[in-house]
Amino acid sequence: MSIDTNLKAIYDKINTVALSCGREPDEVQLVAVSKRFPVTAIEEAYAAGHTVFGENYIQEAEEKAAQLGGKCTLHFIGHLQRNKAKIAARIFDVIETIDSFKLANTLNRHLEDLGRSMKILLQVNIGEDEKKSGMAAQQTEQLLREIGQLPHLEVIGLMTMPPFTDDPEDARPYFRQLKQLADSLAGKGLFANERRVELSMGMSNDYHVAIEEGATIIRVGTAIFGQRK
Ligand SMILES: *Cc1c(COP(=O)(O)O)cnc(C)c1O
């Protein structure tokens, strides 16, 4: 299957699933996860009309960003080390994986130097999975209050990666918990925009479930680009 065909199939499925649960399809943004695929794969998706991509590794993303020259929107979805925050501040449009005040503060400082601000999501380890990064659900409110004070960061929502399993239905309770957490924090006015709080959840095998549970951003790699080596 070509990237073009795969993208069309995913847009179709987003439409079908969103409409079947009473949501507007355009509330769901597709981030095409291009990690470990060459920039030619991004170019192919771009030629098919897709402009939003997700990357996990700073050095790889830096090279791709230079080649793309600003024509795409880039989300960082990997684990961000503080010593890479300076590069991240320069090359990304959205960072989805902020999980500590220290990291947020470092990023904010680099953004200040660059004279820009950044949209971020807080990564929540909703399944309390030891193998995953992210803040604990109980910490989220306090961190959101602290990080919300940093002038160059705009906290637009929450992101999660539930524990991995083969059955997409296993992810549903975690997606639901993230939605409930976001709703309760939005009720306290803690996000940059209360009328639109982003929920980044769902990948190739479970994005249909995530849409049913309220995802506004889905991160899909394999179903677009194929199996990573
Ligand atoms: C790789 C990755 C994805 C995409 O996973 P697929 O199963 O290839 O769709 C989504 N989110 C994160 C955080 C990832 O690291």
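Relevant structure appears above.
## What about the environment of glycine 221?
Consideration 1: If you trace the backbone, glycine 221 turns up in the loop between strand 8 (217-220) and helix 9 (222-225).
Consideration 2: For glycine 221, a relative accessible area of 5% translates into the label buried.
Consideration 3: Through-space distance from the C-alpha of glycine 221 to that of valine 31 is 8.3 Å; in sequence the pair is 190 residues apart.

## A few points about the side chain of threonine 97
Consideration 1: If you trace the backbone, threonine 97 turns up in strand 4 (residues 94-98).
Consideration 2: The buried category is assigned to threonine 97, whose relative accessible area is 2%.
Consideration 3: Polar contacts involving the side chain of threonine 97 include one to the main-chain carbonyl oxygen of glycine 78, which spans 2.7 Å.
Consideration 4: Apart from residues no more than four positions distant in its own chain, threonine 97 is found in contact with Phe76, Ile77, Gly78, Leu103, Leu121, Gln123 and Met159.

## Some remarks on the site of the ligand
Consideration 1: Residues in contact with the ligand amount to 13 residues; listed here are only the nearest, Lys35, Asn56, Ser204, Thr222 and Arg228.
Consideration 2: Between threonine 222 and the ligand, the recorded distance is 2.5 Å, taken from a side-chain N or O atom to an oxygen atom.
Consideration 3: Within the side chain of arginine 228, a nitrogen or oxygen atom sits 2.8 Å from an oxygen atom of the ligand.
Consideration 4: For the ligand, whose accessible area on its own is 380 Å², the fraction buried by protein is 91%.
Consideration 5: Looking at the shell around the ligand, its residues break down into six nonpolar, four polar and three charged.

Basis of the calculations
- Residues numbered from 1 in each chain as written.
- Predicted model: local features only at pLDDT ≥ 70, side-chain atom pairs only at ≥ 80, totals over all residues.
- Heavy atoms only, no water.
- Helix = DSSP H or I, 4+ residues; strand = E, 2+ residues; numbered from the N terminus.
- Buried < 20%, exposed > 50% of the residue type's maximum accessible area, 1.4 Å probe, protein only.
- Polar contact = N/O pair within 3.5 Å; in protein donor to acceptor, adjacent residues only side chain to side chain.
- Contact = heavy atoms within 4.5 Å.
- Near = heavy atom within 4 Å.
- Areas by Shrake-Rupley, 256 points an atom, 1.4 Å probe, with all protein chains shown as cover.
- Nonpolar A, V, L, I, M, F, W, Y, C, P; charged D, E, K, R; others polar.

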